[in-house]
Amino acid sequence: MDHVTAAVPHPRSEGEGPARAGRRSLAVALMSGALGAAVALLATRQRWSMGTATVAGDAFPLSAKGSDVTGVPAALAIVGLAALVAVFAVRRTGRFAVSALLALSGAGIVAAALLGATDSSALDDKAAQASGDTSSVVHAFDHTAWPYVAAVGGGLILLAGLLALLYGRRWPAMSGRYERNGTPRPRRAPVVDPDRPEDIWKALDRGEDPTGA
């Protein structure tokens, strides 16, 4: 009679799947979070909108950078970058909270950038200053692609936050053996019981004097 041997999964192979997913998610989160923050910060320094104002009867060209339109994307990009680093400094509930902050930072950048694409208030302020008339507004309003580039950066940060929420529990954390100043914590020497011969031999193997003399 033929014997059929059932394939028994190796314990190591069972754990490789989650470990591999954790490593991949960590790499993607780090790359997307850092890249998203850099893209968002770069986009806010570029020209987002343009238009014209009437000054002394002539058309006067105006433009506004992303930082003139809204300061939210740049501020949230810095917050998101700090949260990305802080994910590895905390554990359990703290890691979940920081991961949520990372995701919310990305979502806030996306929302602020999309709203800023149609916001002409910064140009209206410049038109009023150029014409000397507080009621003056910009004409022929138009925008560039940079607000949407900032939104893409926010989307990358949002992706990093979602990955941290889903897989962050599998990511490594900063070692607890180190103090805040970076020096390792001294290990306490095991207590040697003089009535236990095995403790005395272990102390001698470590080069210690079990008598305490």
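Look up a bit, the structure's there.
Residues numbered from 1 in each chain as written. Predicted model: local features only at pLDDT ≥ 70, side-chain atom pairs only at ≥ 80, totals over all residues. Heavy atoms only, no water.

## Observations regarding the overall build of the protein chain
And then number 1: The number of helices and strands found in the protein chain is seven helices and three strands.
And then number 2: Listing every helix and strand of the protein chain by position from the N terminus yields α-β-β-α-α-α-α-β-α-α.
And then number 3: Within the protein chain, buried positions represent 30% of all 213 residues.
And then number 4: Considering only residue pairs separated by 6 or more positions, the protein chain has 67% of its internal contacts joining residues 24 or more positions apart.
And then number 5: Summed over its atoms, the accessible surface of the protein chain is roughly 13,600 Å², and 61% of this surface lies on carbon and sulfur atoms. (Helix = DSSP H or I, 4+ residues; strand = E, 2+ residues; numbered from the N terminus. Buried < 20%, exposed > 50% of the residue type's maximum accessible area, 1.4 Å probe, protein only. Contact = heavy atoms within 4.5 Å. Areas by Shrake-Rupley, 256 points an atom, 1.4 Å probe, with all protein chains shown as cover.)

## Here's the deal with the nonpolar core
And then number 1: With 17 residues, the main nonpolar core has Ala29, Val87, Phe88, Leu102, Ile109, Ile157 and Trp171 as its most contacted residues.
And then number 2: Residue contacts for Trp171: discarding those within four places in its chain leaves Gly22, Ser25, Leu26, Ala29, Val87, Phe88, Arg95, Leu163 and Ala164. (Core = buried A, V, L, I, M, F, W, Y, C linked by side-chain atoms within 4.5 Å.)

## Structural notes on the sheet that holds strand β3 (residues 139-143)
And then number 1: Within the open sheet, the three strands sit side by side as β2-β1-β3. Their pairing is antiparallel. For this open sheet the edge positions go to β2 (58-65) and β3, each flanked by a neighbour on one side alone. Here the strands of the sheet are splayed against their neighbours by 15 degrees on average, with no regard to which way each runs.
And then number 2: Pairing between strand β1 (residues 47-55) and β2: eight bridges, direction antiparallel. Bridging from a neighbouring strand, Thr54 pairs with Ala59 of β2. (Pairing = 2+ DSSP bridges. Axes fitted to C-alpha atoms, helices over the stretch in contact; angles between N-to-C directions.)

## Quick word on the side chain of Thr44
And then number 1: Position of Thr44 among the secondary structure elements: in helix α1 (residues 11-44).
And then number 2: Apart from the residues within four sequence positions on either side, Thr44 is in contact with Lys65, Gly66, Ser67, Pro73 and Ala74.

## What to know about the packing of aromatic side chains
And then number 1: Considering all chains together, one arrives at one aromatic pair under this definition.
And then number 2: A ring pair is formed by Phe88 and Trp171, whose centres lie 6.0 Å apart and whose planes are at 20 degrees; its orientation type is stacked. Placement of the pair is Phe88 in the loop between α3 (72-86) and α4 (93-116) and Trp171 in the loop between α6 (146-167) and α7 (197-205), with a sequence separation of 83 residues. (Phe/Tyr/Trp six-rings, centres within 6.5 Å; stacked < 30°, edge-to-face > 60°.)

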